[in-house]
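Working through the structure, step by step
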Amino acid sequence: MFRRLETASPVETVTVTVGGKPVTLPRGETAAAALVAAGEATGRTTPITGAPRGPYCMMGVCFDCLVMIDGAPNRQACMTEIRDGMRIERQVGARRIGG
Ligand code: FES
């Protein structure tokens, strides 16, 4: 799976919550990285079968990383940079397009 590469110098950090659990990461990381750091393999479930999906390509192609961010559905976690206080939550089933 994914693992973080260690850096030699200290970095500025950002704290977000993933499913209510606080997670601290270096500034510039993505919401998908926060999911992985929180130990969450599933960011959403599919609308029809409820199958679990989680970050896969990490570059905006597969759309398996859709999550709720600050209450907004259908956000691509791998394309969303984290900021202090961001709330990342699992998205269950179908959501309306645009909100
Ligand atoms: S992980 Fe594939 S689009 Fe985000």
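Just so we're clear, the structure is a prediction, and the values are computed from it rather than from any experiment.

Before going further, it helps to spend a moment on the overall build of the protein. Counting its secondary structure elements, the protein contains one helix and seven strands. Ordered by position from N to C terminus, the α and β elements of the protein give β-β-α-β-β-β-β-β. Relative to the compact-globule value of 13 Å for 99 residues, the protein shows a C-alpha radius of gyration of 13 Å, a close match. In the protein, which comprises 99 residues, the proportion classed as buried is 26%.

Attention now moves to the environment of E12. Here E12 is to be found in the segment before β1 (13–18). The exposure class assigned to E12 is exposed, which follows from the 7 C-beta atoms found within 10 Å. Separated by 29 residues in sequence, E12 and A41 place their C-alpha atoms 25 Å apart.

Time to look at the sheet that holds β1. One open sheet holds the five strands; their spatial order is β2-β1-β7-β5-β6, and the pairing between them is mixed. The outermost strands of the open sheet, each flanked by one partner alone, are β2 (21–26) and β6 (72–76). Geometrically, the sheet is characterised by an average inter-axis angle of 40 degrees between neighbouring strands, direction not taken into account. Strand direction decides the pairing type here: β1 and β2, joined by six bridges, are antiparallel. Paired with V16 across the two strands is V23, which belongs to β2.

What follows covers the nonpolar core. Of all hydrophobic cores here, the largest spans 18 residues; its most connected members are A31, A32, A34, L35, V67, A77 and I88. The dominant element in this core, judged by the number of residues it contributes, is helix α1 (residues 31–37), at six residues.

Okay, the pairing of β6 next. The sheet contact formed by strand β5 (residues 66–69) and β6 spans three bridges and is antiparallel. The residue of β6 that forms the bridge with I69 is A72. Remark: two residues form the turn of the hairpin made by β5 and β6, two consecutive strands paired antiparallel; D70 in that turn has positive phi of roughly 50 degrees.

Reading the values: the criteria
Residues numbered from 1 in each chain as written. Predicted model: local features only at pLDDT ≥ 70, side-chain atom pairs only at ≥ 80, totals over all residues. Helix = DSSP H or I, 4+ residues; strand = E, 2+ residues; numbered from the N terminus. Rg over C-alpha atoms; globule rule 2.2 N^0.38 Å. Buried ≥ 20, exposed ≤ 12 C-beta atoms within 10 Å, placed from the backbone. Pairing = 2+ DSSP bridges. Axes fitted to C-alpha atoms, helices over the stretch in contact; angles between N-to-C directions. Core = buried A, V, L, I, M, F, W, Y, C linked by C-beta atoms within 7 Å.

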